[in-house]
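Secondary and tertiary structure notes
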Amino acid sequence: MSKQGFPADFLWGGATAANQFEGGYDEGGKGLACADLFSSGSHTEPRRITAEIRDDLFYPSHDAVRFYDHYKEDIRLMAEAGFKVFRFSINWTRIYPTGMEEEPNEAGLQFYEDVFRELAKYGIEPLVTIAHFDVPLYLTNEKNGWASRDLIDLYLKYCATIFTRYKGLVKYWLTFNEINTATLSFGNYLSLGIRHGESDFLHQEDRPSERYQALHHQFVASAKAVKLGHTIDPDFQIGCMIAYMPRYPRTCEPADVLLAKQTEAMHSHFCGDVQVKGRYPYYAKNYFESQGIQVDFAEGDEEALLAGTVDFYTFSYYLSLCASADPAYANSGKSVIGGAENPYLPTNDWGMQTDPVGLRISLNDLYTRYEIPLMVVENGLGAFDKLTADGHVHDAYRIDYHRAHIEEMRKAILDGVDLIGYTIWGCIDLVSASTGEMAKRYGIIYVDKQDDGSGDYSRLKKDSFYWYQKVIESNGVEI
Ligand code: BG6
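What comes next is a walk through the structure. (Residues numbered from 1 in each chain as written. Predicted model: local features only at pLDDT ≥ 70, side-chain atom pairs only at ≥ 80, totals over all residues. Heavy atoms only, no water.)

**Considerations on the overall build of the protein chain**
Worth spelling out the cut-off: A run of H or I in DSSP counts as a helix once it spans at least four residues, and a run of E counts as a strand once it spans at least two, with each numbered from the N terminus. Only protein chains enter the calculation, and the probe is 1.4 Å; a residue is then buried if its accessible area is under 20% of its type maximum, exposed if over 50%, and partly exposed in between. The Shrake-Rupley method, run with a 1.4 Å probe, gives the accessible areas here. Residue values count only the displayed protein chains as cover. In this charge count, Lys and Arg are treated as positive and Asp and Glu as negative; neither His nor the chain ends contribute. Note that the charge is assigned to NZ on lysines, CZ on arginines, CG on aspartates and CD on glutamates.
A tally of helices and strands in the protein chain yields 14 helices and twelve strands. Within the protein chain, the fraction of its 479 residues that count as buried is 60%. Accessible surface, the protein chain: about 18,100 Å² in total, of which carbon and sulfur atoms supply 50%. Across the protein chain, the mean location of the 45 positive side-chain charges is 3 Å away from that of the 69 negative side-chain charges.

**Some points on the sheet that holds strand β7 (residues 312-316)**
For clarity, the threshold we go by: For two strands to count as paired, DSSP must find a minimum of two bridges between them. Axis angles are defined between N-to-C directions and span 0 to 180 degrees, where every axis is a line fitted to C-alpha atoms and, for a helix, only to the segment in contact. Contact criterion: two residues are considered in contact whenever any of their non-hydrogen atoms come within 4.5 Å of each other.
With respect to topology, eight strands assemble into a closed barrel ordered β1-β2-β3-β4-β5-β7-β9-β10, the strand pairing being parallel. When strand polarity is set aside, the average angle formed by the axes of neighbouring strands in this sheet is 25 degrees. As defined by bridge partners, strand β1 (residues 11-15) adjoins strand β10 (residues 419-425) across five bridges and the pair is classed as parallel. Within β10, the residue paired with G13 across the bridge is T423. Relative to the sheet, helix α13 (residues 396-415) contacts β1, β9 (374-378) and β10, its axis offset from that of β10 by approximately 170 degrees.

**Points about the site of the ligand**
Selection criterion: What makes a residue near a molecule or strand is one non-hydrogen atom of that residue sitting within 4 Å of it. Any pair of N or O atoms that falls within 3.5 Å is considered a polar contact. Within protein, one atom must be able to donate a hydrogen and the other to accept it, and sequence-neighbouring residues count only if both atoms are side-chain atoms. All residues other than Ala, Val, Leu, Ile, Met, Phe, Trp, Tyr, Cys, Pro, Asp, Glu, Lys and Arg, Gly among them, are scored as polar; the first ten of these are nonpolar and the last four charged.
Within the structure, the ligand sits among 13 residues, and Q20, E178, S434, K440 and Y442 are positioned closest to it. E178 is positioned with one of its side-chain polar atoms (N or O) 2.6 Å from an oxygen atom of the ligand. Bound to the protein, the ligand loses 92% of the 370 Å² it would expose on its own. For the shell around the ligand, the class distribution of residues is five nonpolar, five polar and three charged.

**Considering the pairing of β7**
In terms of burial, β7 is a largely internal element, five of the five residues being buried. Alternating positions in β7 separate into two faces, F312, T314 and S316 on one and Y313 and F315 on the other, with burial throughout. Summarising the sheet, strand β5 (residues 237-243) and β7 pair through five bridges and their orientation is parallel. Bridged to C240 within β7 is Y313. Bridging between β7 and β9 involves four bridges; their strand directions are parallel. By the bridge assignment for β9, Y313 is matched with L374.

**Some details on the environment of A284**
With respect to the element layout, A284 can be found in helix α10 (residues 282-291). Separated by 14 residues in sequence, A284 and F270 have C-alpha atoms that sit 7.4 Å apart.

**Remarks on the packing of aromatic side chains**
Condition: Working definition: a ring pair exists when centres of Phe, Tyr or Trp rings (six-membered ring for Trp) sit within 6.5 Å. Plane angles under 30 degrees give stacked, over 60 give edge-to-face, the rest tilted. For a ring to carry a charge above it, either NZ of a lysine or CZ of an arginine must fall within 6 Å of the ring centroid while also lying within 35 degrees of the normal to the ring plane.
Within this structure, the stated rule accounts for 47 aromatic pairs. Ring plane angle 50 degrees and centroid distance 4.8 Å describe the contact between Y68 and F111, whose orientation is recorded as tilted. Highlighted residues: Y68 in helix α2 (residues 67-81) and F111 in helix α4 (residues 106-121), separated in sequence by 43 residues. This pair shows no difference in class: Y68 is buried, exactly as F111 is. Through pairs of rings, three or more aromatic residues link up here, namely F21, F67, Y68, Y71, F86, F88, F111, Y112, F116 and Y166. R94 extends its terminal NZ or CZ atom over the ring of F111, reaching a point 5.6 Å from the ring centre.

Nothing here speaks to function; it is geometry throughout.
As structure tokens, then:
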């Protein structure tokens, strides 16, 4: 097979999220976001959510790895790696500290403008996630987050502010990170800002009708944001972002095949179908009925969804899942998403079954379904890196992981898929979203920040940095 494949303007780069990367949680007028109340945890001990900041707990988002004051150095390193694009999120509470203010916080707006101008110096295209797991805490406390329809207008006010201010500096936007997180119970707190009492992150009471209603509010908000963005700047490209996980049947027994298709439809395809096609897919009705879920559409919602379909489809890809209708295997997998274990794939320390070929399968399936440009905006290997005494991180395992996925992307492009970019997750080490650890590192750049909060935030290039630099320089030929 030819080594070519990647188009000349392919967007190679890296991705981060404000609450896991930025720090400065109470600086520059920023308000508290839900993520600021997520304590640290580990792969064996879940994070906790507290109602207020407590002295006896450690909250990793507060300082994260301090992109807030390291951004010039970080962007210089990205430029050295050859990044064409940098995906990161704007923290809603830096712009509207409670979400309710009439006027935005100028210091917050200025911070991101400085970041955009710094990126522009190096010709790096920003790809901005408007909401990445960071609902303003005030909106959780006062309105139960996205369960309230009020959040649609509050979100649109925030969008109008940043679209207007950053017109000319930003072209690519994503409305919500991994919007389909809301199809699972942990979406309550993580992406929807719904909190019932003080229970911990993984175990709070789940009310599916409320959760899907909140997701519906996000769909409407996203569609209206797309329309608004195009009015403010017709050149804006506004996309969706899905945590995409293909589901395989564990065997070719029809019951396994059916279950795989049904779970893939509701958890991986449902949100993309709404955001790309502008309407709820037929299969949702049956699912809602079988689960006793009620979603109310307000007048005008149907039209709004249709008028605000996305320009491109982006997704995170870490793992594939497996479905078994046989109770002996149904929940034998170790991932937090559940499902059966796939006997053909390796499992990492966090229960994920990595699957590069699954990426080619996904790209083909998605392109067949939507026929709009696709971008892989998260892919990476969380691992315990070892810093050697002489200051190196020899992360051959990470290079192998990315190489295998890049090779499958190339094949998908040669299959005919319109893939326009790839941003590796956590390009600079950051806090893990699920566990709150620093020890689960994804970066090609190491940050001296440890789980107990120690470290001087110095940055260091891992072996994977030099490897990725060559990949980008050769446009994917030298991998
Ligand atoms: C995605 C999120 O789910 O996966 C990121 O968009 C997250 O915020 C990433 O960090 C990796 O997951 P984790 O739990 O290892 O950080």
